[in-house]
Amino acid sequence: DCNAVLKALQPIFQEQGMTETVHNWEDHGYLATYIKKNGSFANLRIHPHGLVLVDLQSCNDHMKGREETDQLLNKVEERMKELFHGNIKRVKRLPTILRGGVIDRYWPTADGRLVEYDIDEVVYDEDSPYQNIKILHSKQFGNILILSGDVNLAESDLAYTRAIMGSGKEDYTGKEVLILGGGDGGILYEIVKLKPKMVTMVEISFVIDGCKKYMRKTCGDVLDNLKGECYQVLIEDCIPVLKRYAKEGRMFDYVINDLTAVPISTSPEEDSTWEFLRLILDLSMKVLKQDGKYFTQGNCINLTDALTLYEEQLSRLYCPVEFSKEIVCVPSYMELY
């Protein structure tokens, strides 16, 4: 009985000195709005099938405001239990969502779930010609690199770096390695420790500038200079570089693709994500030795359709390939990858 619920809850809001407006749809229940003089308001939505939603919004986030909100919700919950003699299937109270704050704590997972991170500081925030680059500090995960709203890597995420290098099963000693992307410097830092012959990293974006200052637990000092004893960093678009290497006949033992999840190139030949991925794959195969290996990230384990589509691309390459996959828990992603 929508009307009975409305009448039972009205006094709670009225006691707060809130002005009431009620909208009634004959077959679709009620929407009541309650407005306080300080700008706080509540929406009460009562559905005929038994769902009752209460949304409270306060103009401040100090403790007193939160306590008042909790007290009001407690009264609503108690009154509903009295009204239905405790016969309620479920009561769910969501934590306070902080909107419009200086620090944005809410970031989506790859499969569209909203995660609230324990972010307490904006460390770095710059717009490059290609993307927005943020580095935010998390109490749990350390500094987190976020590119155009996509959580890329945190200082806690060595598991990601190890996985995209082959999970400790590969011997990089004396090998030629090509890294595509990898602007956080994590892969370069870890591979240099393994005594390769030469590592070439190709990164188009300005991610390096922020990471070499604020992601040092991930990259160490390898981004301080673009050339080292056994590595070089090229600030270029990887596609022309791959084409040039293929033309020159340059070959690598390993190609590691750590490019951004969403293509940032504006070239016509990369007008779709799958065309871009297939182009990178094809060009990478052309510079990979016959017994070489290509490593890349896949996607969130819940995105089964996307993973299947990716595997289909492997059968459409100009040369036959064998592939395997591994599931890894990356701490800051809060999902299996």
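Residues numbered from 1 in each chain as written. Predicted model: local features only at pLDDT ≥ 70, side-chain atom pairs only at ≥ 80, totals over all residues. Heavy atoms only, no water.

An unreviewed UniProt entry lists the protein under the name Spermine synthase, with Struthio camelus australis as the source organism. Taken verbatim from the UniProt record of the protein, the Sequence similarities (unreviewed entry) comment is "Belongs to the spermidine/spermine synthase family." According to the UniProt record, the Catalytic activity (unreviewed entry) comment for the protein reads "S-adenosyl 3-(methylsulfanyl)propylamine + spermidine = spermine + S-methyl-5'-thioadenosine + H(+)". (UniProt positions renumbered as here; feature names shortened; annotations may be inferred.)

Undergrad: A description of the nonpolar core should follow, citing residues and the corresponding values.
TA: Residues Leu188 and Ile256 are the most contacted members of the largest nonpolar core, which totals 44 residues. Sorting elements by how many residues they give to this core places strand E9 (residues 142–147) first, with 4 residues. Those residues in contact with Leu188 that lie beyond four places of it in its chain are Ile179, Val199, Met201, Val222, Leu223, Tyr231 and Val233. If you look at the next biggest cluster of nonpolar residues, it comprises 26 residues, including Leu234, Val241, Phe252 and Leu281. (Core = buried A, V, L, I, M, F, W, Y, C linked by side-chain atoms within 4.5 Å. Buried < 20%, exposed > 50% of the residue type's maximum accessible area, 1.4 Å probe, protein only. Helix = DSSP H or I, 4+ residues; strand = E, 2+ residues; numbered from the N terminus. Contact = heavy atoms within 4.5 Å.)

Undergrad: Please set out the sheet that holds E9 residue by residue, giving values where relevant.
TA: Spatially, E7-E8-E9-E10 is the arrangement adopted by the 4 strands of the open sheet, whose pairing is antiparallel. Edge positions in the open sheet fall to strand E7 (119–127) and strand E10 (150–154), since each of these has one partner strand only. With direction set aside, neighbouring strand axes in the sheet form an average angle of 25°. (Pairing = 2+ DSSP bridges. Axes fitted to C-alpha atoms, helices over the stretch in contact; angles between N-to-C directions.)

Undergrad: Any details on the packing of helix H8 (residues 273–286) against helix H9 (residues 304–314)? Residues and values, ideally.
TA: For the pair H8 and H9, the least separation of the axes is 10 Å and the interaxial angle reads 40°. In terms of orientation, H8 lies oblique with respect to H9. In this structure, H8 crosses over H9, and the sense of that crossing is right-handed. In this structure, H8 contributes Trp274, Leu277, Arg278 and Leu281 to the contact, and H9 contributes Ala306, Leu309, Tyr310, Gln313 and Leu314. By residue class, the composition of the contact of H8 with H9 is 7 nonpolar, 1 polar and 1 charged. (Parallel < 35°, antiparallel > 145°, perpendicular 65-115°, else oblique. Left-handed = near helix turned anticlockwise from the far one by under 90°. Nonpolar A, V, L, I, M, F, W, Y, C, P; charged D, E, K, R; others polar.)

Undergrad: Explain a nonpolar patch on the surface to me, and be specific about the residues and the numbers.
TA: Together, Ile301, Ile327 and Leu336 make up a nonpolar patch on the protein surface, roughly 250 Å² of accessible area in all. Within the fold, Ile327 resides in the loop between H9 and strand E16 (329–330). (Patch = residues over 30% accessible without salt bridge, like charges linked within 9 Å, V, L, I, M, F, W, Y side chains within 5 Å. Areas by Shrake-Rupley, 256 points an atom, 1.4 Å probe, with all protein chains shown as cover. Salt bridge = Lys/Arg side-chain N within 4 Å of Asp/Glu carboxyl O.)

Undergrad: Any details on the layout of surface pockets? Residues and values, ideally.
TA: Rolled over the atoms, a probe with the dimensions of a water molecule shows which regions are left empty. One number sums up the size of the second largest pocket: a volume of about 1400 Å³. As for the second largest pocket, its lining consists of 41 residues, and the residues nearest its centre are Tyr294, Phe295, Phe323, Ser324 and Lys325. When its residues are assigned to classes, the lining of the second largest pocket shows 22 nonpolar, 11 polar and 8 charged. (1 Å grid on protein atoms, 1.4 Å probe; cavity = no way out; pocket = protein on both sides within 12 Å on 5 of 7 lines; lining within 4 Å. Points joined across faces, edges and corners; volume = space filled by probe spheres on them.)

Undergrad: I'd like to hear about the UniProt feature "active site" (unreviewed entry) in the protein, residue by residue, with values.
TA: What UniProt calls "active site" (unreviewed entry) maps, in this numbering, to Asp258. Positionally, Asp258 belongs in strand E14 (residues 252–258). Residues within four places of Asp258 in sequence aside, it is in contact with Tyr160, Ile164, Leu180, Gly181, Gly182, Asp184, Ile187 and Gln297.

Undergrad: An account of the pattern of salt bridges is requested, with residue identities and associated values reported.
TA: Taken as a whole and assessed by the stated rule, the structure comprises 15 salt bridges. Here Arg105 makes a salt bridge to Glu116, at a shortest N to O gap of 3.6 Å. With a gap of 11 residues between them, Arg105 in the loop between helix H2 (63–83) and strand E5 (106–108) and Glu116 in strand E6 (residues 114–116) connect regions that are remote in the sequence. In this structure Arg105 comes out as partly exposed when scored by relative accessible area, which is 30%. A salt bridge links Glu236 to Arg244, with the shortest nitrogen-to-oxygen separation between them at 3.7 Å.

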